[in-house]
Structures are given as C-alpha cells and as structure tokens.
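Results of the structural survey
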Amino acid sequence: MAFSSSTRSLFNLKLTKTHSSSLHHQPKKKPVILFSHAHFTPPLRSTYNDCFRPNYGTFTNLSAPRLRFSVKVGSPDYSSGDEAQSLISEATQQEDFSWVSVIIPFLFPALGGLLFGYDIGATSGATISLQSPELSGTAWFNLSAVQLGLVVSGSLYGALFGSLLVYPIADFLGRRRELIISAVLYLLGGLITAYAPSLSVLLLGRLLYGLGIGMAMHGAPLYIAETCPSQIRGTLVSLKELLIVLGILLGYFVGSFEINAIGGWRYMYGISAPIALLMGIGMWLLPPSPRWLLLRAAQGKGSVKEYKEKAVLALSKLRGRPPGDKVSEKQIEETYVSLKSAYADQESEGSLLEVFQGPNLKAFIIAVGLVLFQQITGQPSVLYYAGPILQTAGFSAASDATRVSVVIGLFKFVMTGIAVLKVDELGRRPLLIVGVSGLALSLFLLSAYFKFLGGFPLVAVASLLLYVGCYQISFGPISWLMVSEIFPLRTRGKGISLAVLANFASNAIVTFAFSPLKEALGAENLFILFGVIALLSLLFVVLLVPETKGLSLEEIESKLSK
C-alpha cells in the first residue's frame, strides 16, 4: 500500500463561488464557511464517478487535468442548544482540491485498519504453525487451551485496554500523534512477537500490537472524517473498512504461504512490521487535523493566533493549495468563529461525563447501538458454520479451512467494495435498512435449513452468502462511518473511544458465549435468536439513525442538537 510520489492527480475539482444577493440580509443567521462544507446531493447513479451529473457537470474527459463543477448549498434552519444558529453557508460555494491530496491523508491512517485485519488473518495460520511439533521451531509448542486462547485473544484485550487508555487523552494527543503512537505500537508488537524466545514474550508482543489496534481504530476514522471533503467522506471512511478486509485476505495469504516453513508463525506476525513503519512515516509527514487545531484554540489551550496559523497551513496542505492561501485562511477564520460561538457558554474543555449529556448522549446511543448490533447479530458465529455448509453443498475447497476463509474473504471484499462505491450515492440509512433486512432473512433461512430443509444444501449456501453480503454493505462499513460522523467535535475523541471500547468488548463477549450458546440451543435455535436480534437492530436503525449523506460534520452536529 506504499504511495508513490509520482502518482499524478486523476482530476482536480476547479471551483468558483457565487453569491445570491437574497441570502445576505438575514440578520439572525451567521454564515459560516467550513472546510468542505458543500451540501452535496448527487443523483442516484451506477458508479461513483457518475454521481457528478448535470446540474453538476459531467465527466466528458477523465484525462483532463482539471474539472469544473458546482456544488449547491442549502440553508435549512438548524439550531444548536437553546440558541438557534445556522451552520450552513448561505452561498453557493465550491472547493478546489486534487485527488492526490485527498488520497494521501486517507492512505496512511487507513493502514492502521489494514494492520488490524492482517492480525485477524495471520493469527488463524500462526496458531496452527505455533502448535506443530515439527514446524513451530520452539520447545514450548505444546500449548494448553488457556495459553492458546491468550495468544489468539491477546491483541483483542490489548485493543480493549487501548480504547480505555485513549478516552481521557484523545483530545490532548490529537488524531495525528495518536496514529503515530499506534504505528510505533504496531511495529514493536510485530517485532517482539516475531522474535519471541518464550510464550510470555510472545504474549507481551500480542498485547502491544493490540494497543496499536485500539488506538488506530479510534484515530483513523477521526482523522479521515475530519480532513476529507464531505461529499466523499462516506466513500473514504468506508474504504478504510475495505482495507481491513484486504488485511484479512493478506493475512490468510501469508499464512498459507508460510504454513509449511519452520517457525512460519514468526514470519506471519513479523510481516506487519514494515507496514507499520510505512504508516508511521506517512503520519509523521501529514499535518494535524485542522478541526482539532481549531478545537484546541477554542478551548484556550494555547495561542489562538498560532493555532489558526497552523490550521491554515494544515488545510492548505490537505487540499493541495499553496501554503497559507487566502481561501484556506478565510475558511479557517470563519470556522473558528463558529466554534468559539458554539462553545462560548461552556467550559473550555468537556468533562469525562459530557458524552452522556444532551446531543452528545443522542450521538452516543446511535454510535454504541450500531457497533453493538454489528457484533451481536451473529457475524463471527455464522462464519463458524461456513466450512460445514460449503462441504454439504459439495464444494471441494471446503475441505481446507484456509481455502474456505479465502473464499469467504474474497466475497466480503467484493461486497464491501460495492458499499464503498454506493455509500455517498445512496446514503447511509438505505444501505443499513436493506442490509440489516437481508441479515434477518438469511438468519431465519439458516435456521430453517438446520430444522427441516437439510436436504437442500444450496439454500444454506445461498443464505450464508446473503448474510455475508448484507453484512458487508451495512453493519460492516457503515457502522464505523456513522461513528466517525455522529459525535460533536467537542466530544468526538471521547465518544469514538467509547464506541471502540463497546465494539471490542461486545466482540469478546460474543466470542466467549458462542460455544455455550451453541451447545445449549443448537444451531437452529441459535440462528433464530440472532434473527430476532437482527429485527431489533432494524427497528433501531429505522427509528434512531439519521441520514448524514452530503452533510459536513458541523451540519450533522447541528442536526442532532435540534
């Protein structure tokens, strides 16, 4: 995933700004220009590039160096707290950015997701290699069930601890420094695990790697969401989830390649180190999030002038503009005025409990609900049955667990790619509603297969693929996208850390409870239970989850505060 400096811009978006005279005489509304504040409402089309259509212009020549299109901004009457305030620019505005400048700030944070996925894929092969008397290359290969469980779940517990650790310090560190620390932890964890002379050192390496996962899964969606243009925010944050799936596939591939090597598990874990080094170097070269810099200025954490100058330079670099250009300077100044006004009557820095108050509580319920339902609708449990289901249908690949994983992983990758292409076109809610409905249907079909349709294995295969596909266009990428968008800037760091904690905690609980539930209920009743939970999650989405397509982060904050 290294990014070449020779990569050229696919196209640049050349933008102009026009003002409507009728919008300049509303004394009670404060016009605010934000980083990428365009309220982008593309028509429904079949591909991502086609979402720019008349009245927005057309892609008549993709090789042209620059492209001109208009993005119109509406002016609905949003309110913030007790004082009504418009956070939407009252002018038609456009923003100049190149795709190279957008992709680079996405790529290096997203490597944190790829390393998370890689750990999942590599561990499946590493545990086999580690326990082999002939291939482990150690004298301590005879692991007990508890020891093996600690090896497998060591990174998960590290991620849990990392989520707790980052909660009180997220806003102090900032998104960029958090991701640099995450890359260092990934690097140390991968190297210590690869060269571990004993089980205790191996477990230490797994714990450090897990700390990196916890911080990366918190910082990456934050940085990407706060630095990218709002009209493609959904695509880029969802693309990070695609890299997680790609990491899983990479881990499976490396595992299958090294499975017959002596000490192969060391190579499986060690290959993460150079990727972590690349991530750390990339984040070191990237600027801080301009929104985080302005938040620190509004909180009185230093010289306002100095923070604003840094924010202007950061925004100029992120958009591929000349350093300190006038467009970035104006956007930063007006955004700072908006932040200062929004937080004028509040303490300079939010308390630890502020996430559970007012609009923050609403965002917390939506975010934690999504990541909780993401785990408890049976995703790990359904995949447990993938091998037996494919075997009954006569698929030869099902005789090899590694091949089954690769087949399912490839399908997950394709379906996540579809979600990435469609999320900014169709919106978050439609994908969630359609996907979760498909989850429920597939779970009830799987239950029926185990109850009375055992003679029709193709029903089980179709249900399995329906489940995986629907999960990857809904809860898989959309949950984390919504989590990165939904929290107000003031509590975004703390809120996302709680969502990450809820995700890993529920993952641990589901993983632990699966075997006892399977034994107590049987497969047919277990799938009915998951199906009922899926219906509850569908009700949750319909009633509580808002649509955020095309809105800037400030517009989403204002919408929730109404």
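Residues numbered from 1 in each chain as written. Predicted model: local features only at pLDDT ≥ 70, side-chain atom pairs only at ≥ 80, totals over all residues. Heavy atoms only, no water.

Here we take up helix H17 (residues 457-472). In this model H17 runs 23 Å from its N-terminal to its C-terminal C-alpha over 16 residues, within 8% of the 22 Å that 1.5 Å per residue would give. Those residues of H17 not exposed but buried are Ala 460, Val 461, Ser 463, Leu 464, Tyr 467, Val 468, Gly 469, Cys 470, Tyr 471 and Gln 472. (Helix = DSSP H or I, 4+ residues; strand = E, 2+ residues; numbered from the N terminus. Expected span 1.5 Å × (residues − 1). Buried < 20%, exposed > 50% of the residue type's maximum accessible area, 1.4 Å probe, protein only.)

Another point: a nonpolar patch on the surface. Judged by side-chain polarity, Leu 353, Phe 356, Leu 361, Ile 365, Leu 539, Val 542, Leu 543 and Leu 544 come together as a nonpolar surface patch covering roughly 720 Å² of accessible area. At the level of secondary structure, the elements contributing two or more residues to the nonpolar patch comprise helix H12 (358-376) and helix H19 (492-544). Of all the elements, H19 adds the most residues to the nonpolar patch, at 4 residues. Position of Leu 353 relative to the elements: it lies in the loop between helix H11 (326-342) and H12. (Patch = residues over 30% accessible without salt bridge, like charges linked within 9 Å, V, L, I, M, F, W, Y side chains within 5 Å. Areas by Shrake-Rupley, 256 points an atom, 1.4 Å probe, with all protein chains shown as cover. Salt bridge = Lys/Arg side-chain N within 4 Å of Asp/Glu carboxyl O.)

Turning to the nonpolar core, a few remarks are in order. In terms of nonpolar packing, the biggest core is built from 102 residues, with Tyr 186, Leu 370, Ile 486 and Phe 504 touching the most fellow members. In terms of residue count, the dominant contributor to this core is H19 (18 residues). Each residue touching Tyr 186, except ones within four places of it in the same chain, is listed here: Gly 112, Leu 115, Phe 116, Tyr 209, Gly 212, Ile 213, Ala 216, Ala 276 and Met 279. Leu 293, Val 312, Ala 314 and Ile 332 belong to the second largest nonpolar core, which has 15 residues in total. (Core = buried A, V, L, I, M, F, W, Y, C linked by side-chain atoms within 4.5 Å. Contact = heavy atoms within 4.5 Å.)

What follows covers the packing of aromatic side chains. All told, the structure shown has 9 aromatic pairs when counted by the stated rule. Note on Phe 373 and Phe 540: the rings are 5.5 Å apart at their centroids and 50° apart in plane angle, and the pair reads as tilted. Here the residue Phe 373 occupies a position in helix H12, and Phe 540 occupies one in helix H19, the gap between them amounting to 167 residues. A single burial state applies to Phe 373 and to Phe 540, both of which are buried. Their ring planes at 10° and their centres at 6.5 Å tell us that Tyr 467 and Tyr 471 sit as a pair that is stacked. (Phe/Tyr/Trp six-rings, centres within 6.5 Å; stacked < 30°, edge-to-face > 60°.)

Here the focus is the confidence of the model for the protein. Considering every residue of the protein, the mean pLDDT works out to 76; 77% of them sit at 70 or more. Low pLDDT (under 50) marks residues 1-94, which in the prediction has 208 contacts with non-local residues, meaning those over four places away or in another chain. (pLDDT = per-residue confidence, 0-100.)

The next thing to look at is the packing of helix H2 (residues 145-166) against helix H5 (residues 199-227). Taken N-terminus to C-terminus, the directions of H2 and H5 make an angle of 40°; their axes are 6 Å apart at the nearest point. As far as their axial angle goes, H5 and H2 are oblique. Where H2 crosses over H5, the two elements pack in a sense that is right-handed. Looking at the contact of H2 with H5 residue by residue, the class counts come to 14 nonpolar, 9 polar and 1 charged. (Axes fitted to C-alpha atoms, helices over the stretch in contact; angles between N-to-C directions. Parallel < 35°, antiparallel > 145°, perpendicular 65-115°, else oblique. Left-handed = near helix turned anticlockwise from the far one by under 90°. Nonpolar A, V, L, I, M, F, W, Y, C, P; charged D, E, K, R; others polar.)

Right, let's get into H2. The end-to-end C-alpha distance of H2, which contains 22 residues, comes to 31 Å, matching closely the 32 Å that a straight helix rising 1.5 Å per residue would cover. The sharpest bend along H2 reaches about 55° and sits at Ser 153. Among the residues of H2, those classed as buried are Val 151, Ser 153, Gly 154, Ser 155, Leu 156, Gly 158, Ala 159, Leu 160, Gly 162, Ser 163 and Val 166. Where H2 is buried, its residues meet helix H1 (99-130), helix H3 (170-173), helix H4 (175-194), H5, helix H7 (264-270) and H19. (Bend = angle between axes of the 7 residues up to and from the residue.)

Looking now at the pattern of salt bridges. Under the definition given, this model contains 11 salt bridges. Between Lys 308 and Glu 333 there is a salt bridge, with the nearest N and O atoms lying 2.9 Å from each other. Highlighted residues: Lys 308 in helix H10 (residues 304-318) and Glu 333 in helix H11, separated in sequence by 25 residues. Judged by its relative accessible area of 19%, Lys 308 falls in the buried class. Relative accessible area serves as the criterion here: at 35%, Glu 333 is assigned to the partly exposed category. Between Arg 428 and Asp 424 there is a salt bridge whose closest N-O contact spans 3.0 Å. The pair formed by Arg 428 and Asp 424 is uniform in burial state, with each residue classed as buried. Sharing partners across several salt bridges, the network here consists of Arg 233, Asp 424, Arg 428 and Glu 485.

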